[in-house]
Every structure is written in C-alpha cells, then in structure tokens.
Amino acid sequence: VCSGRSVGPGWSVGAAMSVFVTRRIPAEGLRVLSQASGCRVRQWDSEEPVPRAELLSGVAGARGLLCLLSDRIDREVLDAAGPSLKVISTMSVGFDHLALDEIKKRGIRVGYTPDVLTDATAELSVALLLSTCRRLPEAAEQVKSGGWTTWKPLWMCGYGLSDSTVGIIGLGRIGQAIARRLKPFGVKKFLYTGSGPKPESAAEFGAEFVPLTRLAEESDFVVVTCALTPATQGMCNKDFFGRMKKTSVFVNTSRGAVVNQEDLYNALAQGQIAAAGLDVTTPEPLPTDHPLLSLKNCVVLPHIGSATYATRSTMAVLAAKNLLAGLRGEPMPHELKL
C-alpha cells in the first residue's frame, strides 16, 4: 500500500500554500510545485487512484488540490477540505468529475488543461477510427491464431474514408483537430452537431450543422468529441444507433456516459451498425467480462487519448501552474469560469 508523502521542505497543514496532489504525476509538474516558494506539497504517490479515505484525510486543511478525472470531487470532499480550500486544479480538459455548483457556492477557483491535449487526443481518435474501420486488431489476431491461410478477395474487408461522410458530435477544439486530420483522407462531407452552429470553425472543413438525427442517418463515420453534460448524457442510444447505416462506424473519445452501452452492444451484436471504437467507457476500467469485449467489431482502448509522454508532462506542468496562480491570487493560464 502506498502512502502520501511530503515533497519539498516538509508538510504543514497551516502552511501558506499547502497542497494535496491525488496521484503520481509526471515529474515536471511536481517540480513546479515543490520549487515554488512557500508551497508545501503532500501527494498520494501511486499509479493507482487515491482511496476515498486517503483523499478525505489528505485534502483536510489544504489550500490547493491537484486532482485527476478519476477523482470524484463532491460535497463530501469539499467538506473534508474545509474553508481553507481556495483552488482546485484538474489535470484534464473534462470537468464532469467536479461538483461545480458546490464549488462555485464556496468561492473556490478551478483550473483545467484544455488545448495542450488537443493534438494527442485527435491523433488517437483518428488511429482508433482507422483501426476500427479497417479491422486492424481483428486482423492482427488472425495472424497470431493461424487464421491467415492465403490472400482472399473478401476476407478482412472493412470501410475506407475516401468519399465518405463524417459526422462529428461536438465541433470544439478536439473535434476540429480530428476533422483537420481526416480531411486529407478524401472525406467528401463533414456534418456536425452541438449546442449551436459554429460557422467560423466549420468553414475550414465546409462542415454543415445538422440535428443529431440527421447526423446519425447520413454519416458513414460518427465521432463523438463533446463534453459530458446533462444534455449529452446517454445521447447515443437505441434511437440514435437505429438511425445509423448498417455500414457505419461509431467512435467515442469523449466520455463513456455519452453512450448508452447496452444499446451500443445490441446495435453491434445485431448488425445495426458495422463497428465501434471506444477510448472511454462506463465504468472505467471496463470489467473484463463486459459484453462489449466479446464482440469482434468493437475496439476498446483504456482511455489513452492524451497518452503521449510530451502531452502528459505538459498537462502536469499546466495543472501545477494553474494551482500556483490561483493560490497567489493571480490569473490562471487556464481557469474554468464558474
């Protein structure tokens, strides 16, 4: 069992800038904190998530909290921290793990890490789309299992991007970066949906703003990159998959809860859609006996969208800088406006 450890010149709950870090993070980020004048860092030094009891004790009396998307920061955590907590910095672009209403009520500032993981997540999204539509994991498995006997005209055929229609749910930073990368593959048309049209962003790809139902009906590839909100929760459901083409491929690199996984399983198992690629699931990790993992036409990755060495290091540094700026009462590099 790993325990919290002090970094820097000791730990004092009464220190001017006492900080709790909920996980082992890239060294560059920790260095920014430990070298900051007057900053006392306490950390859950493990690759595994901090147990709830350790989180509640670790945050007690802290002025700053650096957390991850796997940490549920709710009223119980905020109560355990007490009135001393002034800043929460999450090492993520998503913030659905934070009880924002409660945080706002207490006047706590929040930092997050957009932009820096856009390229890495877009690259992974394209890689996942290609590996799903061209059946790469399935084909690689055939090589290992002896299923590859000769070249066959109809064996291991998938779907290509050339002349296709790609529908993007959420044309934000990541959605645009994905479209930018897919365009050279010869995509004929881009459709997108979201809370409202984004004509300036869409112009680069000639993308058309359409209702969710039309996007489902017309797209050969659907890529989900929207934020998880009450409006988007469970949005990709039985009705949605029922509208998609039988030859369509569905990819989700946003948040698992945007998808009704039971409906997705049924759509894949019954051949309503061709294939799905997921980098996010509910829950995470997905149990090894989950029905989705029994399907050949479903590729599931362990939430590695931002997992390049450079990106994770940059995220850690930005999260640390957000935290320090908040503690000093200065503008954060990236503050979530509540």
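Quick caveat: nothing in here was measured; it's all calculated off a predicted structure.

Brief notes about the pattern of salt bridges
It is possible for side chains of opposite charge to pair when their charged atoms get near one another.
Thought 1: Enumeration over the complete set of coordinates arrives at 21 salt bridges.
Thought 2: Ionic pairing is found between R106 and D79, a salt bridge with its closest N-O pair at 2.7 Å. Here the residue R106 occupies a position in the loop between α4 (100-105) and β6 (109-111), and D79 occupies one in helix α3 (residues 75-81), the gap between them amounting to 27 residues.
Thought 3: The class of D79 is partly exposed, set by a relative accessible area of 47%.
Thought 4: Linking E204 and R180 is a salt bridge whose minimum nitrogen-to-oxygen distance equals 2.7 Å. One end of the pair, E204, is in the loop between α8 (199-203) and β9 (208-209); the other, R180, is in helix α7 (residues 173-182), with 24 residues separating them in the sequence.
Thought 5: We classify R180 as partly exposed; its relative accessible area is 38%.

Comments concerning the domain arrangement of the chain
How big an interface is tends to be stated in terms of the accessible area lost upon association of its parts.
Thought 1: When its domains are assigned, the chain resolves into domain 1 (17-115 + 310-336) and domain 2 (117-145 + 156-300).
Thought 2: Taking only C-alpha atoms into account, the centre of domain 1 sits 31 Å from that of domain 2.
Thought 3: Around 770 Å² of area is buried between domain 1 and domain 2 when both sides are counted, 54% of it from carbon and sulfur atoms.
Thought 4: Between the two partners, domain 1 and domain 2, sit 2 salt bridges.
Thought 5: For D115, the salt bridge identified is with R173, shortest N-O distance 3.2 Å.
Thought 6: Scanning the region where domain 1 abuts domain 2 turns up 4 residue pairs in polar contact (both at pLDDT 80 or more).
Thought 7: When its residues are assigned to classes, the side of domain 1 that touches domain 2 shows 5 nonpolar, 3 polar and 2 charged.

A short note on the nonpolar core
Thought 1: Ranked by internal contacts, the top residues of the largest apolar core, which has 49 residues, are V21, I25, L33, L129, V166, L182 and F190.
Thought 2: Ranked by residues supplied to this core, first place goes to helix α12 (residues 309-327) with 8 residues.
Thought 3: Membership of the second largest hydrophobic core comes to 27 residues, among which are V210, C226, M244 and L295.

Topic: the packing of helix α1 (residues 27-34) against α12
Thought 1: Remark: α1 packs on α12, axes separated minimally by 7 Å, with the N-to-C direction vectors making an angle of 20°. With respect to each other, α1 and α12 are oriented roughly parallel. For the pair α1 and α12, the sense of crossing is right-handed. Residues E28, G29, V32 and L33 of α1 form the contact with α12, whose participating residues are S313, A316, V317, A320, K321, L323 and L324.
Thought 2: Of the residues in the contact of α1 with α12, the class split is 7 nonpolar, 2 polar and 2 charged.

Here is what the cut-offs are and how they apply
- Residues numbered from 1 in each chain as written.
- Predicted model: local features only at pLDDT ≥ 70, side-chain atom pairs only at ≥ 80, totals over all residues.
- Heavy atoms only, no water.
- Salt bridge = Lys/Arg side-chain N within 4 Å of Asp/Glu carboxyl O.
- Helix = DSSP H or I, 4+ residues; strand = E, 2+ residues; numbered from the N terminus.
- Buried < 20%, exposed > 50% of the residue type's maximum accessible area, 1.4 Å probe, protein only.
- Domains from an automatic or database assignment.
- Buried area = accessible area lost by both parts, 1.4 Å probe.
- Polar contact = N/O pair within 3.5 Å; in protein donor to acceptor, adjacent residues only side chain to side chain.
- Nonpolar A, V, L, I, M, F, W, Y, C, P; charged D, E, K, R; others polar.
- Core = buried A, V, L, I, M, F, W, Y, C linked by side-chain atoms within 4.5 Å.
- Axes fitted to C-alpha atoms, helices over the stretch in contact; angles between N-to-C directions.
- Parallel < 35°, antiparallel > 145°, perpendicular 65-115°, else oblique.
- Left-handed = near helix turned anticlockwise from the far one by under 90°.
- Contact = heavy atoms within 4.5 Å.

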